[in-house]
Amino acid sequence: MRNAWLIRPVPHGIPRVTEFKEKGIIAVGWPCIGNLKGKSREDLKHLLSLPPHSLTGLALGNAYATIDIFVNQMEVGDLLLMPNGEDIYLGEVTSDYYLDAAVDSNEEGYPHQRTAKWITNTSRKDLSMELRSSLKVHRTTANLSHHIDEIEALCKGEKLAVTTDYIEVTYPLRADFEVSFKIPKDISKDEAQRLSSYFASLYFTK
């Protein structure tokens, strides 16, 4: 079964939605570290800890997790969801990872690429509350495969009939670990406070 991925069009912190659509590509930043084909997560972590990026801590964790998704986990045929403000663009991965040396510089900053076919676009308001909640993750890439049915429907210009009375929430607890849980759509303030108290009790001392 194919997967679905979030991709944000801001490699190297530079908005590239126009290039993504016109060139039929997706890309991530972190230029000047070479071709990453065949690099493992540990390889990526090591490269990013060295100059020119010299990342540490949470920034390092987020970076290598993002690049690992882009280089090693995405596959041809997977679906893409690209948010740009209130606009949502839907597409499909059409190539393996490659390095575009022409933009492998600090000025351009989007060398790590794949080709993509952009299928259609819609508005953020047309997404289910669950999918909109999943887009709150603060990463360039993220796995949206648990929303594959809805994303496939959106690619066809349809809206998936959503009958659930809950919201699925994803929270990035650590750089390489996310917590997912469901809450009622009509959760009350008292219930939210009790849930907060419960989470606060979930820790273990060595």
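Source: prediction; values computed, not measured.

**Student:** An account of the overall build of the protein is requested, with residue identities and associated values reported.
**Tutor:** A count of helical and extended segments in the protein gives six helices and nine strands. A compact globule built from 206 residues would reach a C-alpha radius of gyration of about 17 Å, and the protein, at 18 Å, matches this within 12%. Its C-alpha atoms give the protein principal-axis dimensions of about 55 × 50 × 30 Å. The contacts of the protein with a sequence gap of at least 6 include a subset with a gap of at least 24, amounting to 61%. For the protein, the exposed surface amounts to about 11,300 Å²; the carbon and sulfur share of it is 51%.

**Student:** How would you summarise the nonpolar core if you had to cite specific residues and measurements?
**Tutor:** One finds I7, F20, I26, L48, M74, L80 and W118 to be the most contacted residues of the largest nonpolar core, which totals 30 residues. Beyond its immediate chain neighbours, meaning those up to four positions away, L80 contacts W5, I7, I26, M74, Y89, L90, G91, E92, V93, A116 and W118. Membership of the second largest hydrophobic core comes to 16 residues, among which are A4, L90, I148 and I151.

**Student:** Tell me what's going on with the packing of helix α2 (residues 41–49) against helix α3 (residues 57–73), and back it up with residues and numbers.
**Tutor:** Closest axis-to-axis distance for the α2/α3 pair is 9 Å, and the angle between their directions is 135°. The orientation of α2 relative to α3 falls into the category oblique. Relative to α3, the crossing made by α2 is right-handed. Note on element contacts: α3 touches α2 through L60, A63, Y64, A65, I67, D68, N72 and Q73, opposite R41, L44, K45, L48 and S49. Residues that form the contact of α2 with α3 fall into these classes: seven nonpolar, three polar and three charged.

**Student:** So, unusual backbone geometry: which residues are in play, and what are the values?
**Tutor:** The linkage connecting P51 with the following residue, P52, adopts the cis geometry, with an omega of 15°. Looking at where P52 falls in the secondary structure, it is placed in the loop between α2 and α3. Here the phi dihedral of S54 falls at roughly 50°; this positive angle occurs in a residue that is not glycine. Within the element layout of this structure, S54 appears in the loop between α2 and α3.

**Student:** Residue-level account of the side chain of H53, with values.
**Tutor:** With respect to the helices, strands and loops of the structure, H53 is situated in the loop between α2 and α3. A distance of 2.8 Å separates the side chain of H53 from the backbone oxygen of P31, its partner in a polar contact. In this structure H53 touches W30, P31, I33 and L48, once residues within four positions along its chain are discounted.

Conventions and cut-offs
Residues numbered from 1 in each chain as written. Predicted model: local features only at pLDDT ≥ 70, side-chain atom pairs only at ≥ 80, totals over all residues. Heavy atoms only, no water. Helix = DSSP H or I, 4+ residues; strand = E, 2+ residues; numbered from the N terminus. Rg over C-alpha atoms; globule rule 2.2 N^0.38 Å. Contact = heavy atoms within 4.5 Å. Areas by Shrake-Rupley, 256 points an atom, 1.4 Å probe, with all protein chains shown as cover. Core = buried A, V, L, I, M, F, W, Y, C linked by side-chain atoms within 4.5 Å. Buried < 20%, exposed > 50% of the residue type's maximum accessible area, 1.4 Å probe, protein only. Axes fitted to C-alpha atoms, helices over the stretch in contact; angles between N-to-C directions. Parallel < 35°, antiparallel > 145°, perpendicular 65-115°, else oblique. Left-handed = near helix turned anticlockwise from the far one by under 90°. Nonpolar A, V, L, I, M, F, W, Y, C, P; charged D, E, K, R; others polar. Polar contact = N/O pair within 3.5 Å; in protein donor to acceptor, adjacent residues only side chain to side chain.

Shape descriptors only; they carry no functional weight alone.
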